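# Descriptive analysis of the structure
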Amino acid sequence: MRKYFITGLLILVPLAITAWVLNLVISTMDQSLLLVPERWQPKALFGYDIPGLGTILTVLVVFLTGLLTSNLVGNYVVRVWEKVLQRIPIVNSLYGSVKQVSDTLFSSSGNAFRKAVLVPYPHANSWTIAFLTGVPGGDVKNHLVGDFVSVYVPTTPNPTSGFFLMMARSDVVELDMSVDAALKYIVSMGVVAPEAAKE
């Protein structure tokens, strides 16, 4: 009896969590319909809401924005818009910081999470997986003696939160493991072990 119950859990729990996450993402993206005039919303046109329509609208807006800004005229408009934002106090620093992070994370030439590494954390006798993000810069590097690297240590099971650390390169062990495999390993709390590297 217990065996069948556990087998059922192993099948249904991942399905339930996947459905919950998809529902959360879709319902969040559906909020973009609030930007559409009320008379054009599905409730006014058809008498009921259409789940997922806002998601399609969001994806379409993102795609069209990328399409329109990838040509010369679009680039010019974006540059003018950014110059305007740079002249607004508070907004300029916030927008600049967010833009730098998003450019690093989403750009095809970005260097975010370039390598999975093993680091001693939270103390010398305990190890965890982290991601190499670069090297310390600005005035920070003037106060660090030796060769240091910047790493991001994600939390489990939610890797979107974590800690930014600067560590001596000699303390960081590069892993023969893809970033995707390392993320799966972290999210699964070590249950889904990556395949051993082939000799």
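Throughout, residues of each chain are indexed from 1 in the direction in which the sequence is written. Per-residue local features of the predicted model are confined to residues with pLDDT of at least 70, and side-chain atom pairs are confined, for both listing and counting, to 80 or more; whole-chain, interface and lining totals are unaffected and use all residues. The side-chain numbers reported here are obtained from all heavy atoms of the structure, hydrogens and water having been left aside.

## Quick notes on the packing of aromatic side chains
- Classification of ring pairs uses Phe, Tyr and Trp, with its six-membered ring standing for Trp, and accepts pairs whose centres are within 6.5 Å; under 30 degrees between planes counts as stacked, over 60 as edge-to-face, and the remaining range as tilted. With the rule as written, the count across this model stands at one aromatic pair.
- Seen from their ring centres, Tyr121 and Phe163 are 5.9 Å apart, and the 40° between their planes marks the pair as tilted. Placement of the pair is Tyr121 in the loop between strand E1 (115–120) and strand E2 (127–134) and Phe163 in strand E4 (residues 162–168), with a sequence separation of 42 residues.
- Buried, partly exposed and exposed residues are distinguished by accessible area as a fraction of the type maximum, computed with a 1.4 Å probe on protein chains only: under 20%, between the cut-offs, and over 50%, respectively. Taking the relative accessible area as the measure of exposure, Tyr121 reaches 24% and is therefore partly exposed.
- Residue classification places Phe163 among the partly exposed residues on the basis of a relative accessible area of 41%. Counting from the N terminus, the helices are the DSSP runs of H or I reaching at least four residues and the strands are the DSSP runs of E reaching at least two.

## Describing the pattern of salt bridges
- Salt-bridge detection follows one rule: a side-chain nitrogen of Lys or Arg within 4 Å of a carboxyl oxygen of Asp or Glu. Counted under the stated rule, the structure contains one salt bridge.
- Across the pair Arg169 and Asp147 runs a salt bridge, and its minimum N-O distance is 2.7 Å. Taken together, the positions of Arg169 in the loop between E4 and strand E5 (173–174) and Asp147 in the loop between E2 and strand E3 (148–154) put the pair 22 residues apart, joining distant regions of the chain.

## Here we look at a nonpolar patch on the surface
- A contiguous nonpolar surface patch, about 960 Å² in accessible area, is contributed by Phe5, Ile6, Leu9, Leu10, Val13, Ile17, Trp20, Val21, Leu24 and Val25.
- Mapped onto the secondary structure, Ile17 falls in helix H1 (residues 2–29). Within the patch definition used here, like charges are joined within 9 Å and nonpolar side chains (Val, Leu, Ile, Met, Phe, Trp, Tyr) within 5 Å, considering only residues with over 30% relative accessible area and no salt bridge. The protein chains shown are the only cover counted for residues, whose accessible areas, like all others here, come from Shrake-Rupley with a 1.4 Å probe.

## Some thoughts on unusual backbone geometry
- At the junction of Tyr121 and Pro122, the peptide bond is cis and its omega measures out at 5° in the coordinates.
- Note that Pro122 resides in the loop between E1 and E2.
- One non-glycine residue, Met189, adopts positive backbone phi at about 60°.
- Mapped onto the elements of the fold, Met189 is located in the segment after helix H6 (179–187).

## Some details on the confidence of the model for the protein chain
- Scored by pLDDT, the protein chain has a mean of 81; 91% of the residues are at 70 or more.
- Residue-level confidence of the predictor, termed pLDDT, takes values from 0 up to 100. The secondary structure element of the protein chain with the lowest average pLDDT is helix H5 (residues 91–106), at 70, and the one with the highest is E5, at 92.

## Some thoughts on the sheet that holds E1
- Criterion used throughout: strands pair if DSSP finds at least two bridges between them. Taken in spatial order, the five strands make up an open sheet running E4-E3-E2-E1-E5, and their pairing is antiparallel. The open sheet has two edge strands with one neighbour each: E4 and E5.
- As paired elements, E3 and E4 share seven bridges and run antiparallel to each other. Bridge pairing in E4 links Phe148 to Ala168.
- Running over the sheet, H6 touches E1, E2 and E3 and is turned about 140° from E2. Every residue pair with non-hydrogen atoms within 4.5 Å of one another is taken to be in contact. Helix axes are fitted only over the stretch in contact, all axes being lines through C-alpha atoms; the angle between N-to-C directions runs from 0 to 180 degrees.

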